Structure formats: C-alpha cells, structure tokens
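# Observations on chain architecture
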Amino acid sequence: MLAIKGGRILTVTKGIIEEGVILVEGGKIVEVGRDVRIPEGAEVIDATGKVVMPGLVEAHCHIGIIEESVGWAGSDGNEATDPVTPHLRAIDAIKANADEKGLQAALETGVTTAQILPGSANVIGGTGVVVKTAPKTTVDEMVLRNPSGLKVALGENPRRVYGQGLKRMPATRMGVAALLREWLVKAQNYMRKKELAKKDPSKMPDKDLKLETLQLVLEGKIPLRVHAHRADDIATAVRIAEEFGISLSWEHATEGHRIAKWIASKGVPAVWGPSLMGRPKWEMRELNFETPKVLHEAGVKFAIQTDAVGSGIRFLPLCAAMAVKHGLPWEAALKAVTITPAEILGVADRLGSIERGKDADLRILSGDPFDPMTEVEMVIVDGEVLVGR
Amino acid sequence: MLAIKGGKILTITQGTIEGGTILIEDGKILDVGVDVQIPEGAEVIDATGKVVMPGLVEAQCHLGIVEESIGWAGADSDETTDPATPQMRVIDGIKANADEGGLRAALETGVTTIQVLPGSGNVIAGTAAVLKTAPKTVVDEMVVRNPSGMKITFGDMPRRVYGQTQKKTPSTRMGIAGILREWLVKAQNYMRKKEVAKEDPSKMPDKDLKLEALEPVLRGEIPLLAHAHRADDIASVVRVAEEFGVKVVWHHATEGHRVAEWVARKGIPAVHGPAMRRGTWEMREMSFKTAKVLHDAGVKIAITTDATSQAIRLLPLVAALYVKNGLPRDVALRAMTINPAEILGIADRVGSIERGKDADLRILSGDPLNIKSKVEMVLIDGKVLYSA
C-alpha cells in the first residue's frame, strides 16, 4: 500500500481536491479523496504543497522507433520503399530499454503512456501501438493496446517520397487517395472470398498479412490514424472513410481552425501538433497556437501531441501551456494531455484521470502543470515510483 | 427575397431586357422581366445603368487542384506515374478554401461554375468534377456534378511524359490509342463478368476501381473529355470512341478550323482554348479565328482559359478577341455561359437568366466584351460573394 497525501490533486475528470489523499495498491488507485484514511503500515509520500495529476498521455509520437540522437542506425519509423505497408507493425522496431533517450525523456516529463506510430512517408504506413513508458526488458511488456490504429498519411510527405523522389505513385493528392481506396477495396475482395470459403474451404484465399490488417480497419476494430495537415486533406480522408464505413482520428490537424465545426459535426477526434517548431513546409504554413482554442470551441474532441521525435516530448506540457496562452481554457488543456488522448486511444478505462480503479500513473509537480518554471518531482507508473527517488 | 432592378439584363437564352428586374429567393431566380413587381420587404440592388448577366461557366480548368502561386506543394493534377489512371478523382485534390488564388480569381471575374479536370500527362487521367466557385469548408459542398467526365489525353503530352522521359508506353500516337482501347476493353470484360455473376455470385470478379471508373463511360453516363490539339488526334479519339459507342467532348480543339465540318457532323462539342500562347508544336496553328470557323460549321463551342495554364480572369478578354476575329457577339456570350452549361450537362441549373435557375449572376459596369468593363458584383446561389 502506497499513500500520497497532502497534495493538490487534479483528478481531471472529478475536479480538484485540495490536500487530498491517494491510496495505491497492486498498481491501481484504490481510493482518492479528502477524508481518506491512510492504513497503518502504508508507505507515505508527502505531497504537501505539491500538485498531483495523472501521468500525461502522448497520443502521437515516434519515440523508441526513431531513437533519439542515434541517426540512421536507430531510425526505423519509415519503410519508405513501398507506399502501402499495412502489414508493418511499430512494435517490431521499438527499443524498450531505459537508455533510449526519447523514452527516458518521456518518463522524466511524466508522460507515462504514448502511442507510437510508424512515420508518414507511406500512404499506409503500418499499425501503431500504445505503450507505457516505464522501461522493460522487451517492448511487449510495455504494451497497453496493440494494434491501436493503422497509420495513414495524406498530403506532401508521400508525394515527396514517392512521386518526387522515387518517381512512383503517388505524385499527387489524387494518387494518395486512389492508393488508399485501392487497398481498402482489395481487403473487401479478400474478406468476401474468405466468406465464400466458409462453404467451400477449397476456395480459401492465401493468407495475406497486408489485407489481414486492413480487415481490422474495415471491421471497425481499429481506426485509421490519419496524418494530414491541411483541411482539404482531412476532407479527403473523411470522404474515403465514409465510403468504407470506417473510423478515423485526425493526426496533426494543423489547419484545424479552418474546418473545426465541420470536423466536429463528423465526430472525428483531432490530435493537434507538433506546434513547438518552425513551419518547415507549405502544408504547415498555418501552424499557430490559436488552433486548439478554435477546435475546443467548435466541440471537437482533441488531444495535444508533440510528434516526438518530431519535436521534443518534454515540451508536451509547454505546448499545452502555449495553447492556454492563446485562449484555450486551462481545464481543456489539462484534458487534452490526459483523459482525451486516453479516450482517443481507447485506453480511458485504464488511465488518463485520477479515479478509483484506474492505473496508478501519477505525476507530482512543484506547481501548476502549465507554468514552465514548474518541476516534475516524481513520476509513478503502475504504482511504482520511477522518477524522483 | 432579393430584387435586382433597373439593369440591362442579358438573359442569353431569351434576349436582352432593358431596365428589367430579377427576383431571387432561396438561391433561385424566381422571376425575370420588365414588369416584375418587387414585393414589399425585398432587399433591392439597384443595377440601373449596369449590365446583368449569368455567371460565367468555365468548362476546362485546373483551379484548386493546381493551386496558384505555390508550385510543387499545391500541384496535384498530374499523377504521372502511370499512363492509365481512371481511378483518380479530381475531387480528392482540390483546395476549397476562400484564399486559394485561382478560385478567388474565378469568383472575382464572375466565373461562377467551373469544371476541374486532371492534367494531361496521362492517357487516361481520371474523373473531372463540376463545382461552383463560392468558397466552402470542403470541396464536397461545392459540387454540382461529380464525376462529370473522364479526362483523356492524345498527342504530345503523354508521349513526352512516358515515351521520352520514362521510356515507357506510350512513346507514339499509336501507343496512346493502344492504351485507351486496352483499358476500355478491360472494362468491357469486367462488366461482362459482373453480368455473368448475377446468376452465379461465386463468379463475381474482384472489385477494381480502375474499371469501375470506366463503366460510366461505357454506359454513356459521362463523356470522354478528350484533350487534343491536332485534327488527326481528335480523329483518332473519335475512331476509338465510335468503336466503343462512348461520348466525346473535344477539349482544346486548337486545329478546330481544319476539321470543323467533320466534327460538327459527328455532333461533338468543342471546349476551345487556351488561346494566348503557342507553347508546343501541336499548338502552332493556334488562332483567334478558329472559334468563328467552328461556329460557322455548326459546332457547339465553349471558350476556355485552361486556367491555371492561362489566367481565369482572361476568359472575357479571350471572348472579345474571338469577336474581333469574326465570332458573332451573341455566340461569344453563349460560349461562356449556356454552351458550356449544356456541354457539362447542367444547363437546367446554370448558364442563363431564367425562372427556376440558380441565381448565379454577374453585374458589370458595361458591355461584357468591352475590356474596360468592371465586374461590380458577383452572386452565387443568390448570395453576394463579391462586390467591387
């Protein structure tokens, strides 16, 4: 039994508890409140004067699959040799050890859960995985949800890598859309054949791992994680998703302000960012910190992301702080780095807020989470103190 | 209710009305005439001394899919990685926002309806779409007709992109015709197999989006939008089209004067232009006189700028130059309004000022073919979207 007492608890979903107590056992939060009695023999952490909040959730990053400070030898995010690679799995390329700088930075920042996705070179890049950032012997021990979605990229990246670089399809936005449709149709054909083979096993088609992954999407088991900066690109993704009856999240959403009400009406969640960087290409030229406020006011469910290693994962709280500076309500910013990404990733039953029964993933701070002077004093994952002791 | 009163109304299809009134409700033209009563409470636009005409219709352009002033990052019209890409859909690459330079220029010129086509790098390039130019959140909200045709290209372009540069078929005009025939036959085979599968579902072929895209062409639901400058190229297009019983619209028709009577006999309309630059060998006969020859022979013509290859705002100027070279005035006006609307299959909605049609209007300071005339106001679906 572990007790964290005296802190200002930001539960995220159930308000703020001043000088509250959190009881932790078996890696879970067993109790939280003001009048919680600390059982005899419990280990006690005194958080008096501190802020206790849930571990941050990074909904879109590449830590572990693009190892920090390593270069080519540790860069496994983009299989940029074929624009359609649904059979690739991020989990097959993640370095789990404690000395991977990106994962280490995540943990030290109190980012306790992250979705790691393949990169955006390919129209269909492969499946993502949601992991806890506590270091383990193998990545398999870190997994919360796998696969957690199928990465799809629209816009300039696949056009540049294939059309411009390799002189292959797609050279245009039309080509990007056509490849996505083509493979979804192939998977539909494959599923139809498997259905027919139920009556006549001799008709069973050869197992195809590319199509098996797409089948998960068509069956609604995982969403598309759609990389798109521009409003017209996400409109194309939604057009295709509606043709095939599949779900999606909008990754990056750089032009989210242009299309916020429309995207809200479609019920598509957005994972906004990276923001703490320049505007390196045309499709990112509208990058600004007002977008989260516009998304919020339009009723879009959105999370804030760093795209690490696209930008530093340690800047996740700062990205949220900048959004607050530009008009996003403080409470909305808090949700956008905790419970909302947990919901978008389908793991909100386990984490994203301080509630009884949830994983004891906690972040203890010297002050307000969006004050850049605030220090991360302690990080707890599954009830274990991993930073600050 | 909106009333536009006092203007000289060029209805296009029903003559000119001096000092007429147009009543608009719910985006449609409710009434038009000299003795039209303006209901109490109607908003009134005084067009006294002005010319009121239907919004212009541009039947061949690349606005929004080749974004103006941007270069590579906004150039999505040519999937030049495969000479036969009927599965491409222009709608997947169009930027709908109000700040797209080309679409903005169209609106400010009073071009209220456009057909956006894929480019001419491929023999079969994909489907076109007809849009209104009023800015919207997403392109889907701009659509009047989609798909509106299947873009194909004959002549130098695919030969250069594939034969010369990529060392692939087609390197010749024979190769181009060969690819078009090959894919139309594949689509016929596919349709036949689907027909057979109606009785035996186990025989259903795999769904194929390339062939699905060609089906509406073979069923006569959409035409081939045939890019061809030379007379011999359109002759080849027509030869193939007749073999398969499919419809054709001749885009560019630079050598239209050479085959005007023959094309008229075939009943093929011509979307003629661009007219301002002889960019390649196959365009060397470009002339402002061709429009008159086509018209005199009985060909239905629409005038095109091919924007962004030539600026959309030059559309009325090109029409004026055709008139200078012999095209009758009324035909020049029709060739920017009702003719392209008919060619695009949307003349029930746009192209003239008539009761029941969309209230897409262009209010000018003077004659539409006078280069000094200014566009003072543009309405789409009854809404004032531009005001000088």
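We now turn to the structure provided with this report. Please read all numbers here as calculations on a predicted model, not as lab measurements.

## Things to note about empty space enclosed by the protein
All names here are of chain A. The final tally for this structure, using the stated rule, is 1 cavity of 30 Å³ or more. Taken as a whole, the largest cavity spans an internal volume of roughly 40 Å³. What lines the largest cavity is Pro54, Gly55, Val57, Thr112, Thr113, Leu351, Gly352, Ser353, Asp359 and Asp361. Each of domain 1 (1-54 + 352-389) and domain 2 (56-350) gives at least three residues to the lining of the largest cavity.

## Some points on the packing of aromatic side chains
Residues and elements named next belong to chain A. Tallied over the full model, the rule gives 3 aromatic pairs over all chains. For the pair Trp272 and Phe289, a centre-to-centre distance of 6.2 Å together with 70° between the ring planes defines the contact as edge-to-face. Here Phe289 lies in the loop between β12 (270-272) and α7 (291-298) and Trp272 lies in strand β12, a separation of 17 residues in the sequence. Phe289 shares its class with Trp272; the two are buried. Looking at Lys186, its charged tip hangs above the ring of Trp183, at a distance of 3.9 Å from the centre.

## With respect to the packing of helix α6 (residues 256-265) of chain A against α7(A)
Residues and elements named next belong to chain A. The interhelical angle for the contact between α6 and α7, taken along N-to-C directions, is 15°, at an axis separation of 8 Å. By the angle between their axes, α6 is roughly parallel relative to α7. For the element pair α6 and α7, the recorded crossing hand is right-handed. Note on element contacts: α7 touches α6 through Thr291, Val294, Leu295 and Ala298, opposite Gly256, His257, Ala260, Lys261 and Ala264. Its residues assigned to classes, the contact of α6 with α7 comprises 5 nonpolar, 3 polar and 1 charged.

## Notes on the nonpolar core
Residue and element names in this part refer to chain A. Among the nonpolar cores identified, the biggest contains 182 residues, and Ile234 and Ile304 are the most heavily contacted of them. A per-element tally of this core places helix α3 (residues 173-197) first, with 11 residues. Excluding anything up to four places from it in sequence, Ile234 contacts Val226, Ala228, Leu248, Trp250, Ile259 and Ile263.

## Remarks on the pattern of salt bridges
Where side chains of opposite charge bring their charged atoms close, a pairing between them can arise. Summed over all chains, the structure comprises 68 salt bridges over all chains. For Asp92(B), the salt bridge is made with Arg181(A), and the minimal N-O distance between the two is 2.7 Å. Within this pair, whereas Asp92(B) is found in the loop between β6 (56-61) and α1 (101-109), its partner Arg181(A) is found in helix α3, the two belonging to separate chains. A relative accessible area of 2% means that Asp92(B) is categorised as buried. For Arg181(A), a relative accessible area of 2% gives the class buried.

## Some points on the sheet that holds strand β7 (residues 111-116) of chain B
All names here are of chain B. Across the sheet, which stays open at both edges, the 8 strands sit in the order β6-β7-β8-β9-β10-β11-β12-β13 with mixed pairing between neighbours. Strands at the two margins of the open sheet, each flanked by one partner only, are β6 and β13 (301-303). Strand-to-strand twist of the sheet, defined as the mean angle between neighbouring strand axes without regard to direction, takes the value 25°.

## Focus on the side chain of Arg225(A)
Residue and element names in this part refer to chain A. Within the secondary structure, Arg225 sits in strand β10 (residues 224-228). At 4.5 Å, Glu251 is the nearest oppositely charged side chain to Arg225, a buried residue that forms no salt bridge. A distance of 2.9 Å separates a polar side-chain atom of Arg225 from the backbone oxygen of Ser148. Residues contacting Arg225, with those up to four places away along its chain left out, are Gln115, Leu117, Arg145, Ser148, Gly149, Leu150, Lys151, Val152, Ser249, Glu251, Ile344 and Leu345.

## A look at the interface of chain A and chain B
At the junction of the two partners, chain A supplies 35 residues and chain B supplies 36 residues. Taken together, both faces of the contact between chain A and chain B bury some 3000 Å²; the carbon and sulfur share is 52%. Where chain A touches chain B, the interface holds 18 residue pairs in polar contact (both at pLDDT 80 or more). Of the residues contributing to the side of chain A that touches chain B, the split by class is 11 nonpolar, 5 polar and 19 charged.

## Let's talk about the sheet that holds strand β7 (residues 111-116) of chain A
Residues and elements named next belong to chain A. The strand order across the open sheet built from 8 strands is β6-β7-β8-β9-β10-β11-β12-β13, with neighbouring strands paired in mixed fashion. The sheet is open, and its two edges are formed by β6 (56-61) and β13 (302-304), each paired on a single side. Strand after strand, the sheet turns through a mean of 25° between neighbouring axes, direction not considered. Relative to β13, β12 is paired through 3 bridges, and the arrangement is parallel. Following the sheet pairing, Trp272 is matched in β13 by Ile304.

Here is what the cut-offs are and how they apply
- Residues numbered from 1 in each chain as written.
- Chains lettered and ligands numbered in written order.
- Predicted model: local features only at pLDDT ≥ 70, side-chain atom pairs only at ≥ 80, totals over all residues.
- Heavy atoms only, no water.
- 1 Å grid on protein atoms, 1.4 Å probe; cavity = no way out; pocket = protein on both sides within 12 Å on 5 of 7 lines; lining within 4 Å.
- Points joined across faces, edges and corners; volume = space filled by probe spheres on them.
- Domains from an automatic or database assignment.
- Phe/Tyr/Trp six-rings, centres within 6.5 Å; stacked < 30°, edge-to-face > 60°.
- Helix = DSSP H or I, 4+ residues; strand = E, 2+ residues; numbered from the N terminus.
- Buried < 20%, exposed > 50% of the residue type's maximum accessible area, 1.4 Å probe, protein only.
- Lys NZ or Arg CZ within 6 Å of the ring centre and 35° of its normal.
- Axes fitted to C-alpha atoms, helices over the stretch in contact; angles between N-to-C directions.
- Parallel < 35°, antiparallel > 145°, perpendicular 65-115°, else oblique.
- Left-handed = near helix turned anticlockwise from the far one by under 90°.
- Contact = heavy atoms within 4.5 Å.
- Nonpolar A, V, L, I, M, F, W, Y, C, P; charged D, E, K, R; others polar.
- Core = buried A, V, L, I, M, F, W, Y, C linked by side-chain atoms within 4.5 Å.
- Salt bridge = Lys/Arg side-chain N within 4 Å of Asp/Glu carboxyl O.
- Pairing = 2+ DSSP bridges.
- Lys, Arg positive; Asp, Glu negative; His and termini not counted.
- Polar contact = N/O pair within 3.5 Å; in protein donor to acceptor, adjacent residues only side chain to side chain.
- Buried area = accessible area lost by both parts, 1.4 Å probe.

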